[in-house]
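So the chains spell out like this:
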Amino acid sequence: MSKTVSTSLDRQKAVGKLKQNVRGYAVMTPGIILFSFFVWIPLLYAIVMSFSVTRAANIVGFAGFDNYAELFSLPEFSIAFKNTFIYLGWSLLLGFLLPVVMGLILSEVIHFKGLFRIGIYFPAALAGITVSILFTFLFDPSSAGFLNNILEAMGQEPILWLDDPDMAIPLIVICMTWRGAGSTALIYLAAFNQIDTAYYEAARIDGAGAWSRVVHITLPGIIPSMTVLFVLQVISVMQVFYEPLVMTNGGGADGSSLSLLLLAYNLSFGKSGGGFEMGMGAACMVTLALIIAFLSAVYFALIAFLKKRGYRV
Amino acid sequence: MRKYHFERLKDKQSGILSFVEYRKGGFKLVYGLMVAFLLICLFLSLFPLFFLAVQSFKSVEEITSLEFHFFPENLDLGKIAEVWNSVNLSIYFLNSLLIVVLSVVAAVIFNGLLAYGVSIVKPTGSKIVYLMVLGSYMIPTVLSSIPLFAMLASLKLTSGLWPYAILPLTFGANAFYFINFKNYFDKIPRELVEAMRVDGAGEFTIFFRLVVPLAAPIVGIVAIFAVSASWSDYLLPSLLLTQDSMQTIMVKLVSLQTSRPAGFTDDMMLMCLLLSILPQIVLFLVFEKQITAGGTDGAVKG
């Protein structure tokens, strides 16, 4: 008796589960198809292409590691590889601590809060492409450039700006920082605001000065946000693409601002002389993805290690 | 109208420095320096745009002349229409607008439905789908755009009207929007969903009649982000929209910048740039609260 009850219950459950699955996949299928077609399959396709002989956009044969070998022997590759890390260095130098300071001061200043917040976030609301074109004009080496306009008005000699190979990357990083620092500062602002004011009060009553409050309460409070934003910045700067594409017309004549992703684009669409080297372009993208994956793995391992040691990161 | 309430430092309770410090003069100086710092940041944030606005109204001779003055010699508002018509900006604005509208619809419906399935219906295997979407969160769209284009080219989906279906649909597969939806749907009371199911409603009905209205705030945020992202989208559109009359404003801007048509001078380029930025400025000023909050949500807890 009890057995038949349980089997019929089981059956009911199984039917319920089946119904749930049918209903679930009915609503999920369109999304799954789109993610497959636009995200997952293209990534696999990039890996396949990197091992293939390609003609225009078509795969015509198996190439083994030929694309990679050819890519690594390109002089542009070593330039782009080196540049990508130069971008990273400049970006961390100019753009990592600045938002922390901006966020801290935003949280301390009580006047015109809304104005400062909106004004400082504002550049992030603009399209990367338009910002890049805008900064191309700002740093235009001709006398039509905004900054050269001002320099000339002050009786100074115009500067080469983006045409100067030594200045191209720092200037592009300034453009990226201009666009990104404000929105990052607001993330830090939220982190600063989450620190309980009671800690500050208690410390003050115990006689801790302003500086020691910053060191012992504020910094520990935002270090988790800083580590996350650090790795996000590294990942995003490694993929710098639009800015050199627009500002130095594809990386500059001598490749002085060529990045790995831009090289992948140039190779894929025959912008660096030669034909459509989609296979080599894909190899370049896969290489970049592996570098990023490696750096993220190092980051996560380091965080896990420090957490084990009892650090709050 | 509410009068602006001017904060007083001696009332300041929160933060590192409070009224206790501000009784001393030295800290007032520190506060002054902090305000000065923010004013400089504000100036640097807005200055390039002001400069763009004034430069685009100058004539090309004025821009290149050695005699510099900040404001244009004569402010000719007719220049807006002149430049607009000379490059037929209406076409590219309308193209962008069409793609933006379709993208927003795709972003809300497809990411929303997928998140609804993963968060509320939870069929067998939805956990795997969730992890796969999360996994692609870190992968930038630029990295998948080039192989996607190669795929589309070999499938012969790059000609005719195909790009106008494909470009919006790419916004239907966005991990960031999906995560926003999922986190919000997780908080919707299950009883409401169950009640509708008992009444015999299908999942699509529940999604559109119950979940979307309940989740209106997040639908709004995703829609705003999708408007901005779709308006700004460049790489895939530049690869797919090779025919001039089908290009979006971003694609057209870059092609104007890199290969100037005859008679298309720097000042005209600046005016086009200004006009293409205006919709985003308006969008930002109208939805400033949602935009600044949406960007900061996930990262703090990290």
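Positions within a chain are numbered from 1, following the residues in the order the chain's sequence is written. All chains are assigned letters beginning with A, and all ligands numbers beginning with 1, in the order in which they are written. Local features in this predicted model are restricted to residues of pLDDT 70 or higher, and side-chain atom pairs are both shown and tallied only at a pLDDT of 80 or more, whereas totals for entire chains, interfaces and linings draw on every residue.

1. Considering the interface of chain B and chain A
The line we're drawing: Two residues qualify as a contact pair if the distance between their C-beta atoms, derived from the backbone, is within 7 Å. In DSSP terms, a helix is any run of H or I states spanning at least four residues, a strand is any run of E spanning at least two, and both are numbered starting from the N terminus. Under the convention adopted here, Pro, Cys and the residues Ala, Val, Leu, Ile, Met, Phe, Trp and Tyr are nonpolar, Asp, Glu, Lys and Arg are charged, and Gly plus all remaining residues are polar.
Contacts between the two partners involve 84 residues from chain B, matched on the other side by 89 residues from chain A. When residues in the side of chain B that touches chain A are grouped by element, the largest group, 12 residues, is from helix α2 (residues 25-56) of chain B. Looking at side-chain class alone, the side of chain B that touches chain A contains 52 nonpolar, 25 polar and 7 charged residues.

2. Some details on helix α13 (residues 278-308) of chain A
Residues and elements named next belong to chain A. For clarity, the cut-off: Helices are assigned an expected span. That span is 1.5 Å times one less than the residue count. Partly exposed residues are those whose C-beta has more than 12 but fewer than 20 other C-beta atoms within 10 Å; 20 or more makes a residue buried and 12 or fewer makes it exposed, with C-beta atoms placed from the backbone.
In this model α13 runs 44 Å from its N-terminal to its C-terminal C-alpha over 31 residues, within 8% of the 45 Å that 1.5 Å per residue would give. Along α13, the positions that sit buried rather than exposed are M278, G279, M280, G281, A282, A283, C284, M285, V286, L288, A289 and I292. Positive phi appears at G310, one or two residues downstream of α13, with a value of about 90°.

3. Topic: the packing of helix α3 (residues 75-95) of chain A against helix α10 (residues 210-238) of chain A
Residues and elements named next belong to chain A. Selection criterion: The angle between two axes is taken between their N-to-C directions and runs from 0 to 180 degrees, where each axis is a line fitted to C-alpha atoms and a helix contributes only its stretch in contact. Our angle categories are set so that under 35 degrees counts as roughly parallel, over 145 as roughly antiparallel, 65 to 115 as roughly perpendicular, and the remainder as oblique. In this scheme the crossing of two helices becomes right-handed for a clockwise turn of the near helix relative to the far one and left-handed for an anticlockwise turn of less than a right angle.
Relative orientation of the contacting elements α3 and α10 amounts to 140°, with a least axis distance of 9 Å. Between α3 and α10, the crossing angle belongs to the class labelled oblique. As for how α3 packs across α10, the hand of that crossing is right-handed. Between α3 and α10, the contacting residues are T84, Y87, L88, S91 and G95 on the first element and Q233, V234, V237 and M238 on the second. The class makeup of the residues in the contact of α3 with α10 is 5 nonpolar, 4 polar and no charged.

4. Things to note about the domain arrangement of chain A
Residues and elements named next belong to chain A. Defined as follows: What fixes the domain bounds is an automatic or database domain assignment.
If you check the domain split of chain A, you get domain 1 (2-50) and domain 2 (73-308). When each unit is reduced to the centre of its C-alpha atoms, the spacing between domain 1 and domain 2 is 40 Å. Taken residue by residue, the interface counts 4 residues in domain 1 and 6 residues in domain 2.

5. Brief notes about the domain arrangement of chain B
Residues and elements named next belong to chain B. According to the domain assignment, chain B consists of domain 1 (9-56) and domain 2 (82-297). Domain 1 and domain 2 are separated by 36 Å when their C-alpha centres are compared. For the side of domain 1 that touches domain 2, a count of residues per class yields 2 nonpolar, 2 polar and no charged.

6. Points about the packing of helix α5 (residues 89-121) of chain B against helix α9 (residues 175-185) of chain B
Residue and element names in this part refer to chain B. Viewed as axis vectors pointing N to C, α5 and α9 meet at an angle of 45°, and their least axial separation amounts to 8 Å. For the element pair α5 / α9, the angle class is oblique. Of the two elements, α5 crosses α9, and the hand of that crossing is right-handed. Packed against α5, whose contacting residues are A107, N111, G112, L114, A115, Y116, V118, S119 and I120, the element α9 presents Y177, F178, F181, K182 and F185 at the interface. Among the residues making up the contact of α5 with α9, the classes are represented as 10 nonpolar, 3 polar and 1 charged.

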